[in-house]
Amino acid sequence: MRSVFARTFLETSLARTMTVWFRWLVLNIGPVYVFLFCVSTCEVSASEPPTPPTYGVRMEQAWIPMKDGVRLAATLYMPEGAKPTEKFPALLEYLPYRKDDGTAAGDYPKHAYFARRGYVSVRVDIRGFGASEGTPPEREYSEQEQVDGEQVIDWLAHQTWSNGNVGMFGISWGGFTALQMAMRHPPALKAIIAVHATAELFHDDVHYVDGIAHIDEFELNMDMAEGWVGAPDYSLDEKTLGPRFDSPPWSMLYLKHQHDGPFWRDRVRPLSEITIPSFLIGGLQDGYRDNVPDMLMKSKAPIKAIVGPWNHSFPNEPDFGPQVEWRDQAVRWFDHWLKGLDTGVEHDPRLVIYIQHWHPPDPNLRSVPGEWRREDVWPPPDATNATLFLQTNHTLAAPAATSDKHELKYIPSVGVEAGFWWGELLSDPRPVDAFSLVYDSAPLQDELAILGRPHARLRASASAPLADWFARLSDVAPDGTVTQITGAGLNGAQRDSMSEPRDLEPGKVYPLDIEMHLTSWVFPKGHRIRVAISNALWPMMLPTPYSMTTSLELGGNDGSRLVLPVVPVHGAVPPAFSPPEPSDERADIKSEGFPWPGEWTMERDEARQKTTVHWKGKDGYEYPWGKQDDFENLTYDADDAHPETCSVRGEAESIFTLKGRTLIWRGHLLVTTDQKNFYYKYTREVLKDGQMIKSKTWQETIPRDHQ
């Protein structure tokens, strides 16, 4: 052991010495001469190892002052045992999800991991949420939130323990915020990690998926959470509770902005404006995955990206595998950009992506079969477009079809088995296919791999002024089993512009390009490729309000067709990932359950042509000061005979059992429709020991704007 340790120490010391010497040469005699000198006299120096876990962890609470006098609450995870003169970079996770209760159990394993490796890892609640002061902003990702974020970054850079460099990281909201702050270029922000995040707030986020109205558990949860007060005091003082409780529900505001434009665009800047190093993590079953190829193509920043098969979770603890460690990669990333260590990240693959192999449809699959592949250029240089035309006999084939027209009656309640966003592991979607126009290839003679974003290029018409089109790509096994791979939707009114929607002219044929969401897949020999086209995908999307028939035009080289991004079945193999490491856990907090994906049931009344979907989810926490139990449910109603009349009803309840009192927050959401309007109603309540102490209702009629 001693000799191994000595050798490792000498190699590490030599590598660091060589790195310092190399940098001196570059600065003093120029990179070209150094390159020529090294080619003739030396080998390139080895990368430096990332910072090892040499520190303990100490949690400190702090107030970060804003210029308007509001203070934001922060938890600092400090490297315990540091020398008084040591300086550390700061890593910021900035979001509204209540650091002292809501995310406390999950925060510790991440932030402690970084603190042990020489970072001050910081968790901050945005204003008006959790322990932070102030009134909640009027919306997600507000200008106020971003201005505050710049001040938080500046504060972190000027602390006595700081080396002046700040990184940001986070999943979902935290990832969105990291991207948005990178667009604003605060001087101290030097690198980010964005996990399952996007900058496309209208097209990709959960309010308008593919530009089409969507309501889910997030709306229900956030509308109620605006009215909460912070742990552990849960003060009911009117100065604290009042401004939060009276904040209008965000879902009402979003329903008033039904197409792209300044409301959504002013929050973000183009991806090309992100110039700081960006490490992206995505999932092929996650609704935000398209941001990864978008960043690879549009951003000028140094980028490292990993895309696994996962849904909306960190790679070391996904709902389904393969599980891999990401925090070690994060330390390598931040060590390089925030500590100046040459950890080799600039030589890493630009993208490592998981190529999914066939598996049967199974929502409870434990691990997705497949293999990792590296791609240093996007799109992959060896990718080719394979075009399959929709044929008159409902097959897919390479030759252009003869002229024909295929009609489809619009059934608003179609889509339950296709999932709740463009992700998740699903059951067999044949119940959706039964009400779609379906086209299958012949059995494949060889394996076929795809990587990228397939396109359904359609020539389509509708008998109504508004229609949506959905294209789903699936794998059909020899026994008829169908596994859905990817898909996407297109609001027909947004066929030319998401910001300037226009009615369809009934009967007019339009060229439509449905760009499906990022995927990878290997079709086995003997399997068939399927594309299915429908006009509803409910309850993922709210139905359009007109009874109608739609048509697909077949024939000729511009006829309806499927375009697949085909790649070689096997590609370059990347360096192996580490398996998940054991995580530090807080012994004083226990958590159980998670609301999503929850439990789903569906009821069909065939005689009345009505369908109802019920969803419910729950979770619970135990803290030193008490217990929290959360319950949520959503009910979706659709009427096939009257597509204009759909509804979404939601109930949320959070019970805080504290010492000497019980507090209950409730939220009640109801959205109903007719052909012209959305009818919105939301009620927020808070009870103390069973007695209502505050209640407020918002109710509005909101005109439908091409939705």
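Residues numbered from 1 in each chain as written. Predicted model: local features only at pLDDT ≥ 70, side-chain atom pairs only at ≥ 80, totals over all residues. Heavy atoms only, no water.

Caption draft 1: Spotlight on the packing of helix 3 (residues 104-115) against helix 11 (residues 327-339). Two elements in contact, helix 3 and helix 11, have axes separated by 11 Å at closest approach and are oriented at 45°. In terms of axis orientation, helix 3 runs oblique to helix 11. Our pair here, helix 3 against helix 11, has a crossing hand that is right-handed. From helix 3, P109, Y113 and F114 reach across to helix 11, where they touch R327, D328, A330 and V331. (Axes fitted to C-alpha atoms, helices over the stretch in contact; angles between N-to-C directions. Helix = DSSP H or I, 4+ residues; strand = E, 2+ residues; numbered from the N terminus. Parallel < 35°, antiparallel > 145°, perpendicular 65-115°, else oblique. Left-handed = near helix turned anticlockwise from the far one by under 90°. Contact = heavy atoms within 4.5 Å.)

Caption draft 2: Geometry of the sheet that holds strand 2 (residues 71-80). Spatial ordering of the open sheet is given by 1-2-4-3-5-6-9-10-11-12, a layout of 10 strands whose pairing is mixed. Edge positions in the open sheet fall to strand 1 (56-65) and strand 12 (370-375), since each of these has one partner strand only. Going from strand to strand, the sheet's axes swing by 20° on average, the running direction of each strand aside. (Pairing = 2+ DSSP bridges.)

Caption draft 3: Fine view of the pattern of salt bridges. For the structure shown, the criterion picks out 40 salt bridges. Between R472 and D433 there is a salt bridge, and its shortest N-O distance comes to 2.6 Å. Of this pair, R472 sits in strand 19 (residues 468-476) while D433 sits in helix 12 (residues 430-433), and the two are 39 residues apart along the sequence. Taking relative accessible area as the criterion, R472 reaches 1% and is therefore assigned buried. On the accessibility criterion, D433 (6% relative accessible area) is buried. Look at the salt bridges and you will find they share partners, linking D107, K110, R123 and D125 into a network. (Salt bridge = Lys/Arg side-chain N within 4 Å of Asp/Glu carboxyl O. Buried < 20%, exposed > 50% of the residue type's maximum accessible area, 1.4 Å probe, protein only.)

Caption draft 4: Molecular detail of helix 3. Taking 1.5 Å of rise per residue, the 12 residues of helix 3 would be expected to cover 16 Å, and the 16 Å separating its terminal C-alpha atoms lies within 8% of that figure. Counting buried residues in helix 3 gives 11 out of 12 residues, a clear majority hidden from the surface. Regarding helix 3, the residues found buried are A104, A105, D107, Y108, P109, K110, H111, A112, Y113, F114 and A115. (Expected span 1.5 Å × (residues − 1).)

Caption draft 5: Main features of the packing of helix 4 (residues 143-157) against helix 5 (residues 173-184). Viewed as axis vectors pointing N to C, helix 4 and helix 5 meet at an angle of 75°, and their least axial separation amounts to 10 Å. Comparing the axis directions of helix 4 and helix 5 gives the class roughly perpendicular. Counting all contacts with helix 4, which are made through E143, E145, Q146, V147, G149, E150 and I153, the residues of helix 5 involved are W173, T177, Q180, M181 and R184. The class makeup of the residues in the contact of helix 4 with helix 5 is four nonpolar, four polar and four charged. (Nonpolar A, V, L, I, M, F, W, Y, C, P; charged D, E, K, R; others polar.)

Caption draft 6: View of the side chain of S551. Locating S551 in the fold gives a position in strand 24 (residues 549-554). If near-sequence neighbours (up to four positions away) are discounted, S551 is found in contact with K405, H406, E407, R459, A460 and S461.

Caption draft 7: A look at the pairing of strand 27 (residues 599-605). In terms of strand pairing, strand 27 meets strand 28 (residues 610-623) through seven bridges, oriented antiparallel. Note that in strand 28 the partner of D605 across the bridge is K610. Taken together, strand 27 and the strand that follows it, strand 28, pair antiparallel across an intervening segment of four residues, in which Q609 is found at a positive phi of about 60°.

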